[in-house]
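Summary of structural features
Each chain is listed here by its residues.
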Amino acid sequence: VGGTNGIEIKFIEGTPLTSFNQNEPMLFKVRLTNKGEFNLKTGEAKARLFALTPGFGLSDSYVATNGPLNGISGLVSEGQSQDVSFGEGRYTKEIINSDNFDFHAKVCYPYKTSVSADVCMGSRRIGETSGEKVCEISGEKIGKGTVSSAPLQVTSATETFAGSDKIQFKIVIENKGKGDVYNPDTSCEDIDKNRLENADVVKVEVINPADTECFFSGAGESSTGTINLVGGIRTLTCRSLVRDTGSNYKDKLNLNLHYKYIDQTSKTVTVYEVT
(Lines give C-alpha, C1' and ligand atoms only; values in the text may rest on other atoms or scores of the structure.)
Protein backbone atom coordinates (compact mmCIF):
# COMPACT_ATOMS: atom_id res chain seq x y z
CA VAL A 1 0.00 0.00 0.00
CA GLY A 2 2.80 2.41 0.89
CA GLY A 3 2.94 5.43 3.18
CA THR A 4 4.86 6.61 6.25
CA ASN A 5 2.47 5.57 9.03
CA GLY A 6 2.99 3.20 11.93
CA ILE A 7 1.14 3.21 15.26
CA GLU A 8 -0.84 6.38 15.96
CA ILE A 9 -1.44 7.45 19.59
CA LYS A 10 -4.23 9.80 20.68
CA PHE A 11 -5.96 10.66 23.94
CA ILE A 12 -9.54 9.38 23.85
CA GLU A 13 -12.00 12.24 24.02
CA GLY A 14 -13.20 12.75 27.57
CA THR A 15 -10.40 10.72 29.17
CA PRO A 16 -9.51 13.07 30.65
CA LEU A 17 -11.98 15.92 30.18
CA THR A 18 -10.41 19.18 29.03
CA SER A 19 -11.44 20.73 32.36
CA PHE A 20 -12.46 19.32 35.75
CA ASN A 21 -12.47 20.14 39.43
CA GLN A 22 -9.82 19.70 42.08
CA ASN A 23 -10.11 16.20 43.68
CA GLU A 24 -12.50 15.06 40.95
CA PRO A 25 -11.66 11.48 39.78
CA MET A 26 -10.74 11.34 36.10
CA LEU A 27 -9.91 8.41 33.81
CA PHE A 28 -6.83 8.69 31.56
CA LYS A 29 -6.84 6.62 28.33
CA VAL A 30 -5.22 6.64 24.90
CA ARG A 31 -6.12 4.84 21.69
CA LEU A 32 -3.44 3.11 19.61
CA THR A 33 -4.24 2.57 15.92
CA ASN A 34 -2.08 0.63 13.47
CA LYS A 35 -2.00 2.72 10.28
CA GLY A 36 0.98 0.91 8.76
CA GLU A 37 1.38 -2.49 7.11
CA PHE A 38 3.13 -4.52 9.82
CA ASN A 39 1.01 -6.59 12.21
CA LEU A 40 1.74 -6.43 15.94
CA LYS A 41 0.96 -9.24 18.38
CA THR A 42 -0.77 -8.82 21.73
CA GLY A 43 1.40 -6.85 24.16
CA GLU A 44 4.01 -5.73 21.62
CA ALA A 45 2.86 -2.10 21.65
CA LYS A 46 3.17 -0.26 24.98
CA ALA A 47 2.06 3.18 26.10
CA ARG A 48 2.94 5.31 29.11
CA LEU A 49 2.44 8.74 30.58
CA PHE A 50 5.63 10.72 31.15
CA ALA A 51 6.76 14.06 32.59
CA LEU A 52 3.88 13.81 35.04
CA THR A 53 3.02 16.71 37.32
CA PRO A 54 3.03 15.54 40.97
CA GLY A 55 -0.36 15.53 42.60
CA PHE A 56 -2.41 13.47 40.15
CA GLY A 57 -1.45 10.08 41.61
CA LEU A 58 -0.85 8.50 38.18
CA SER A 59 1.79 5.88 37.32
CA ASP A 60 4.36 6.46 34.58
CA SER A 61 4.92 2.73 33.93
CA TYR A 62 4.33 1.22 30.49
CA VAL A 63 0.98 -0.48 29.88
CA ALA A 64 0.87 -3.10 27.09
CA THR A 65 -1.99 -3.74 24.69
CA ASN A 66 -4.28 -6.65 25.54
CA GLY A 67 -4.90 -7.66 21.93
CA PRO A 68 -3.26 -7.69 18.48
CA LEU A 69 -2.84 -4.60 16.32
CA ASN A 70 -3.09 -5.71 12.70
CA GLY A 71 -2.26 -3.11 10.07
CA ILE A 72 -3.62 -2.13 6.69
CA SER A 73 -3.21 -4.06 3.45
CA GLY A 74 -4.44 -4.10 -0.13
CA LEU A 75 -7.67 -5.64 1.17
CA VAL A 76 -7.98 -3.85 4.54
CA SER A 77 -8.07 -0.05 4.49
CA GLU A 78 -8.22 0.49 8.28
CA GLY A 79 -5.87 -1.04 10.84
CA GLN A 80 -6.93 -2.29 14.25
CA SER A 81 -7.13 -0.12 17.37
CA GLN A 82 -6.54 -0.84 21.05
CA ASP A 83 -7.38 1.34 24.03
CA VAL A 84 -4.83 1.59 26.83
CA SER A 85 -5.92 2.81 30.26
CA PHE A 86 -3.55 4.48 32.72
CA GLY A 87 -6.15 4.33 35.46
CA GLU A 88 -7.87 7.03 37.46
CA GLY A 89 -6.20 10.19 38.68
CA ARG A 90 -7.25 13.30 40.58
CA TYR A 91 -5.42 16.49 41.46
CA THR A 92 -5.09 16.70 45.24
CA LYS A 93 -2.82 19.72 45.70
CA GLU A 94 -3.85 23.32 46.29
CA ILE A 95 -5.37 25.27 43.41
CA ILE A 96 -5.98 29.04 43.35
CA ASN A 97 -8.82 29.73 40.92
CA SER A 98 -7.57 27.36 38.20
CA ASP A 99 -4.42 25.99 36.63
CA ASN A 100 -3.44 24.33 33.36
CA PHE A 101 -1.54 21.04 33.15
CA ASP A 102 0.03 19.29 30.14
CA PHE A 103 -0.23 15.51 29.88
CA HIS A 104 2.22 13.67 27.63
CA ALA A 105 1.82 10.07 26.44
CA LYS A 106 4.09 7.96 24.29
CA VAL A 107 3.78 4.68 22.41
CA CYS A 108 6.74 2.31 21.99
CA TYR A 109 6.53 -0.60 19.56
CA PRO A 110 8.58 -2.89 17.31
CA TYR A 111 8.01 -2.40 13.59
CA LYS A 112 9.19 -3.68 10.24
CA THR A 113 9.53 -2.02 6.84
CA SER A 114 9.53 -4.38 3.83
CA VAL A 115 10.95 -3.57 0.39
CA SER A 116 10.34 -5.41 -2.88
CA ALA A 117 11.74 -3.54 -5.87
CA ASP A 118 12.59 -4.61 -9.42
CA VAL A 119 16.31 -4.44 -10.16
CA CYS A 120 18.49 -5.25 -13.15
CA MET A 121 21.34 -7.70 -12.59
CA GLY A 122 24.23 -7.13 -14.94
CA SER A 123 28.03 -6.85 -15.03
CA ARG A 124 30.79 -5.22 -17.03
CA ARG A 125 31.63 -8.63 -18.46
CA ILE A 126 28.13 -8.96 -19.89
CA GLY A 127 27.84 -5.31 -20.88
CA GLU A 128 31.16 -5.19 -22.73
CA THR A 129 30.77 -8.48 -24.57
CA SER A 130 28.03 -9.73 -26.84
CA GLY A 131 25.58 -10.42 -24.02
CA GLU A 132 21.93 -9.60 -24.55
CA LYS A 133 20.43 -6.58 -22.77
CA VAL A 134 16.92 -7.06 -21.35
CA CYS A 135 16.83 -4.38 -18.58
CA GLU A 136 18.49 -1.11 -17.56
CA ILE A 137 21.03 -0.73 -14.76
CA SER A 138 20.51 3.02 -14.51
CA GLY A 139 17.52 4.72 -12.92
CA GLU A 140 15.66 4.79 -9.62
CA LYS A 141 14.36 1.40 -8.45
CA ILE A 142 12.06 2.63 -5.66
CA GLY A 143 8.58 3.55 -6.84
CA LYS A 144 4.93 3.35 -5.83
CA GLY A 145 4.12 0.08 -4.09
CA THR A 146 7.73 -1.03 -3.56
CA VAL A 147 7.97 -0.08 0.15
CA SER A 148 5.43 -0.99 2.86
CA SER A 149 3.71 1.69 4.92
CA ALA A 150 5.91 2.35 7.96
CA PRO A 151 7.64 5.35 9.55
CA LEU A 152 11.09 4.16 8.43
CA GLN A 153 11.34 4.21 4.64
CA VAL A 154 13.72 3.22 1.86
CA THR A 155 13.51 6.36 -0.27
CA SER A 156 16.01 5.44 -2.97
CA ALA A 157 17.82 2.44 -4.46
CA THR A 158 20.19 2.79 -7.39
CA GLU A 159 22.63 0.47 -9.15
CA THR A 160 26.10 0.63 -10.64
CA PHE A 161 28.64 -1.93 -11.85
CA ALA A 162 31.13 -3.17 -9.26
CA GLY A 163 34.02 -5.04 -10.83
CA SER A 164 33.59 -7.44 -13.71
CA ASP A 165 30.95 -9.70 -12.15
CA LYS A 166 29.15 -7.71 -9.44
CA ILE A 167 26.43 -5.09 -9.13
CA GLN A 168 26.44 -2.43 -6.43
CA PHE A 169 23.34 -1.04 -4.71
CA LYS A 170 23.08 2.32 -2.96
CA ILE A 171 20.11 2.10 -0.59
CA VAL A 172 18.90 5.26 1.18
CA ILE A 173 17.06 4.69 4.49
CA GLU A 174 15.17 7.59 6.12
CA ASN A 175 12.98 8.20 9.14
CA LYS A 176 9.91 9.76 7.52
CA GLY A 177 7.63 9.49 10.57
CA LYS A 178 7.07 12.01 13.35
CA GLY A 179 8.75 9.90 16.06
CA ASP A 180 12.15 8.42 16.81
CA VAL A 181 13.93 5.17 15.85
CA TYR A 182 15.61 2.90 18.42
CA ASN A 183 17.46 -0.40 18.67
CA PRO A 184 15.02 -3.27 17.94
CA ASP A 185 16.75 -5.58 20.43
CA THR A 186 16.21 -3.24 23.40
CA SER A 187 13.10 -3.08 25.59
CA CYS A 188 11.03 0.09 25.78
CA GLU A 189 11.97 0.44 29.46
CA ASP A 190 15.70 0.22 28.70
CA ILE A 191 15.38 2.70 25.85
CA ASP A 192 13.94 5.26 28.28
CA LYS A 193 16.85 4.66 30.65
CA ASN A 194 19.51 5.02 27.97
CA ARG A 195 18.10 6.84 24.95
CA LEU A 196 21.39 8.03 23.42
CA GLU A 197 22.98 4.58 23.25
CA ASN A 198 19.93 3.02 21.61
CA ALA A 199 18.87 5.90 19.35
CA ASP A 200 18.81 5.60 15.53
CA VAL A 201 19.84 1.91 15.47
CA VAL A 202 18.25 -0.11 12.65
CA LYS A 203 18.67 -3.79 11.80
CA VAL A 204 18.82 -4.46 8.05
CA GLU A 205 18.09 -7.89 6.58
CA VAL A 206 18.73 -8.38 2.83
CA ILE A 207 16.85 -11.43 1.55
CA ASN A 208 17.38 -11.14 -2.20
CA PRO A 209 19.30 -11.09 -4.57
CA ALA A 210 21.21 -14.12 -3.39
CA ASP A 211 24.86 -13.58 -2.44
CA THR A 212 24.23 -9.93 -1.52
CA GLU A 213 26.51 -8.47 1.12
CA CYS A 214 26.37 -4.99 2.64
CA PHE A 215 28.97 -2.86 4.39
CA PHE A 216 27.99 -2.63 8.06
CA SER A 217 29.99 -0.55 10.52
CA GLY A 218 32.48 -2.70 12.45
CA ALA A 219 31.04 -5.95 11.10
CA GLY A 220 32.48 -6.23 7.61
CA GLU A 221 30.27 -7.47 4.78
CA SER A 222 27.13 -9.47 5.48
CA SER A 223 23.50 -9.83 4.39
CA THR A 224 22.34 -8.83 7.90
CA GLY A 225 23.62 -6.13 10.23
CA THR A 226 22.88 -2.86 11.98
CA ILE A 227 23.27 0.74 10.87
CA ASN A 228 23.05 4.08 12.67
CA LEU A 229 21.00 6.85 11.14
CA VAL A 230 22.66 10.26 11.14
CA GLY A 231 20.16 13.09 11.17
CA GLY A 232 17.45 10.56 10.37
CA ILE A 233 19.09 9.23 7.19
CA ARG A 234 21.73 6.71 6.09
CA THR A 235 22.95 5.33 2.75
CA LEU A 236 23.80 1.62 2.82
CA THR A 237 26.12 0.16 0.17
CA CYS A 238 25.66 -3.48 -0.88
CA ARG A 239 27.18 -5.71 -3.56
CA SER A 240 25.73 -8.75 -5.25
CA LEU A 241 27.34 -11.43 -7.41
CA VAL A 242 25.79 -11.60 -10.89
CA ARG A 243 25.11 -14.99 -12.43
CA ASP A 244 26.72 -15.58 -15.83
CA THR A 245 23.65 -16.14 -18.00
CA GLY A 246 24.96 -14.57 -21.17
CA SER A 247 22.77 -11.50 -20.65
CA ASN A 248 21.63 -9.19 -17.92
CA TYR A 249 18.40 -10.21 -16.19
CA LYS A 250 15.65 -8.92 -13.92
CA ASP A 251 15.53 -9.77 -10.22
CA LYS A 252 13.98 -8.49 -6.98
CA LEU A 253 15.64 -6.44 -4.27
CA ASN A 254 13.97 -7.76 -1.10
CA LEU A 255 14.97 -6.42 2.29
CA ASN A 256 13.49 -5.77 5.73
CA LEU A 257 14.21 -3.04 8.26
CA HIS A 258 13.65 -3.90 11.94
CA TYR A 259 13.46 -1.24 14.67
CA LYS A 260 11.65 0.08 17.72
CA TYR A 261 9.67 3.27 17.21
CA ILE A 262 8.50 5.83 19.75
CA ASP A 263 5.85 8.46 19.01
CA GLN A 264 3.98 10.74 21.37
CA THR A 265 0.98 12.99 21.89
CA SER A 266 -0.10 15.56 24.46
CA LYS A 267 -3.22 17.16 25.93
CA THR A 268 -3.73 20.26 28.07
CA VAL A 269 -6.35 20.24 30.84
CA THR A 270 -7.62 22.87 33.22
CA VAL A 271 -8.21 22.06 36.90
CA TYR A 272 -10.53 24.36 38.88
CA GLU A 273 -10.42 25.22 42.55
CA VAL A 274 -13.31 23.86 44.63
CA THR A 275 -14.52 26.56 47.01
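Sheet strands pair by backbone hydrogen bonding; their relative direction is either parallel or antiparallel. Taken in spatial order, the 5 strands line up as E8-E9-E15-E12-E13 in an open sheet, and their pairing is antiparallel. Sheet topology places strand E8 (152–162) and strand E13 (220–222) at the edges, where each strand pairs with a single neighbour. Within the sheet, the average angular offset between the axes of one strand and its neighbour, ignoring direction, is 30 degrees. Alignment of strand E9 (residues 166–175) against strand E15 (residues 233–241), held across 9 bridges, turns out to be antiparallel.

In this section: the environment of aspartate 211. Relative to the elements of secondary structure, aspartate 211 occurs in the loop between strand E11 (201–208) and strand E12 (212–216). Separated by 29 residues in sequence, aspartate 211 and serine 240 place their C-alpha atoms 5.7 Å apart. Aspartate 211 has contacts with Arg239, Ser240 and Leu241, leaving out every residue within four places of it along the chain.

Here the focus is the side chain of asparagine 34. Within the secondary structure, asparagine 34 is located in strand E3 (residues 26–34). A polar contact of 2.7 Å, which involves the side chain of asparagine 34, links it to the side chain of tyrosine 111. Not counting chain neighbours up to four residues away, the residues in contact with asparagine 34 comprise Gly6, Ile7, Asn39, Leu40, Leu69, Asn70, Gly71, Ile72, Gly79, Gln80 and Tyr111.

Before going further, it helps to spend a moment on unusual backbone geometry. Note that the residue after threonine 15, namely proline 16, is joined by a cis bond; omega there is 10 degrees. Along the chain, proline 16 falls in the loop between strand E1 (7–11) and strand E2 (19–21). Note that the residue after asparagine 208, namely proline 209, is joined by a cis bond; omega there is 0 degrees. Along the polypeptide, proline 209 turns up in the loop between E11 and E12. Here the phi dihedral of asparagine 23 falls at roughly 70 degrees; this positive angle occurs in a residue that is not glycine. Here asparagine 23 lies in the loop between E2 and E3.

Attention now goes to the packing of aromatic side chains. All told, the structure shown has 9 aromatic pairs when counted by the stated rule. Each ring, one from tyrosine 91 and one from phenylalanine 101, has its centre 4.8 Å from the other, and the planes form 45 degrees; the classification is tilted. Taken together, the residues span a long stretch of sequence, with tyrosine 91 in the loop between strand E6 (81–89) and strand E7 (98–121) and phenylalanine 101 in strand E7 at a distance of 10 residues. Across this residue pair, the class does not change: tyrosine 91 and phenylalanine 101 are buried. A ring pair is formed by tyrosine 259 and tyrosine 261, whose centres lie 6.3 Å apart and whose planes are at 75 degrees; its orientation type is edge-to-face. Put simply, the rings of Phe28, Phe56, Tyr91, Phe101 and Phe103 pair up and form one aromatic cluster. One cation-aromatic arrangement involves lysine 106 over phenylalanine 50; the distance from NZ or CZ to the ring centre is 4.8 Å. Here the basic side chain of arginine 243 rests over the ring of tyrosine 249, its NZ or CZ set 4.3 Å away from the ring centre.

Cut-off values and rules
- Residues numbered from 1 in each chain as written.
- Predicted model: local features only at pLDDT ≥ 70, side-chain atom pairs only at ≥ 80, totals over all residues.
- Heavy atoms only, no water.
- Pairing = 2+ DSSP bridges.
- Helix = DSSP H or I, 4+ residues; strand = E, 2+ residues; numbered from the N terminus.
- Axes fitted to C-alpha atoms, helices over the stretch in contact; angles between N-to-C directions.
- Contact = heavy atoms within 4.5 Å.
- Polar contact = N/O pair within 3.5 Å; in protein donor to acceptor, adjacent residues only side chain to side chain.
- Phe/Tyr/Trp six-rings, centres within 6.5 Å; stacked < 30°, edge-to-face > 60°.
- Buried < 20%, exposed > 50% of the residue type's maximum accessible area, 1.4 Å probe, protein only.
- Lys NZ or Arg CZ within 6 Å of the ring centre and 35° of its normal.

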